[in-house]
Amino acid sequence: MEYIIFIILAYLLGAIPSGLIVGKLGYGIDIREHGSGNLGGTNTFRVLGLKAGLIVTIADILKGTAATVLPLLFGVEVITLIVGIFAVIGHMYPVFAGFKGGKAVATSGGVILGVNPLVFGILLGTFFLLLYLTKYVSLSSMVTGLVSFIVTLVLGEYGLAIVIAIMTIFVVYRHRTNIKRIINKTEPKITWM
């Protein structure tokens, strides 16, 4: 029963559409009607700029972290990684936004932050290094997932490695159109780094 309660709470936390809220309240814009049409931080950066993009990205990270640590705050013994996965699912398929959400990169990172801050730090450093080298947010996100999986195996965090593998599969699946654009050399590159 405890699992069910925290899984539902994690899903609902993940389903909070940060990009939609920031766009509508702060700018009077539905970001689903602009750019890639995605609710995540990358499209928010493109459509609304640096400030809004940072707010949405941080909010999306914190959704994953909150869902993961919530059971601990209540002293409930559950496998927090399993609960965290449902925050990622909520972000990708949010009930509050017609089940059309983001690509789960930031929220997945938030789950990792809630479980192992060291791995999150490595993940963050890897992402920005790849972003600097490639200028592709999508490619950097996918490769960071793979690197994080390898790092957790090396650290002996096998449970976390399994969850990261699942989240990386989610992320790659959600980026399948980006993969086609990267191959066709039509994927947009960032210009601020």
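This one's a predicted model, so the numbers in the text were calculated from it and none came from an experiment. (Residues numbered from 1 in each chain as written. Predicted model: local features only at pLDDT ≥ 70, side-chain atom pairs only at ≥ 80, totals over all residues. Heavy atoms only, no water.)

K.L.:
How do you make sense of unusual backbone geometry when you look at a structure like this?
P.N.:
A negative phi angle is the norm for most residues apart from glycine, just as the trans form is the norm for most peptide bonds. In this structure, F99 is a non-glycine residue whose phi angle is positive, near 65 degrees. By the secondary structure assignment, F99 is in the loop between α5 (80–92) and α6 (105–115). On the basis of relative accessibility, which here comes to 47%, the residue F99 falls in the partly exposed class. One non-glycine residue, A104, adopts positive backbone phi at about 75 degrees. Note that A104 resides in the loop between α5 and α6. Residue classification places A104 among the buried positions, given a relative accessible area of 1%. (Helix = DSSP H or I, 4+ residues; strand = E, 2+ residues; numbered from the N terminus. Buried < 20%, exposed > 50% of the residue type's maximum accessible area, 1.4 Å probe, protein only.)

K.L.:
Which parts of the structure should I look at to understand the side chain of S148?
P.N.:
Tracing the chain through its elements places S148 in helix α8 (residues 137–154). Residues contacting S148, with those up to four places away along its chain left out, are L123 and I164. (Contact = heavy atoms within 4.5 Å.)

K.L.:
Just to check I follow, could you spell out the packing of aromatic side chains for this structure?
P.N.:
If you walk through the whole model with that rule in mind, you get two aromatic pairs. Judged by centre distance (6.1 Å) and plane angle (55 degrees), the rings of F6 and F74 are tilted. Taken together, the positions of F6 in helix α1 (residues 2–14) and F74 in the loop between α4 (50–73) and α5 put the pair 68 residues apart, joining distant regions of the chain. With relative accessibility at 8%, the residue F6 sits in the buried group. Here F127 and F128 contribute two aromatic rings whose centre-to-centre distance is 5.3 Å and whose plane-to-plane angle is 80 degrees, an arrangement assigned as edge-to-face. Relative accessible area serves as the criterion here: at 16%, F127 is assigned to the buried category. Here the guanidinium or amino end of K135 rests over the ring plane of Y132, the centre of that ring lying 4.7 Å away. (Phe/Tyr/Trp six-rings, centres within 6.5 Å; stacked < 30°, edge-to-face > 60°. Lys NZ or Arg CZ within 6 Å of the ring centre and 35° of its normal.)

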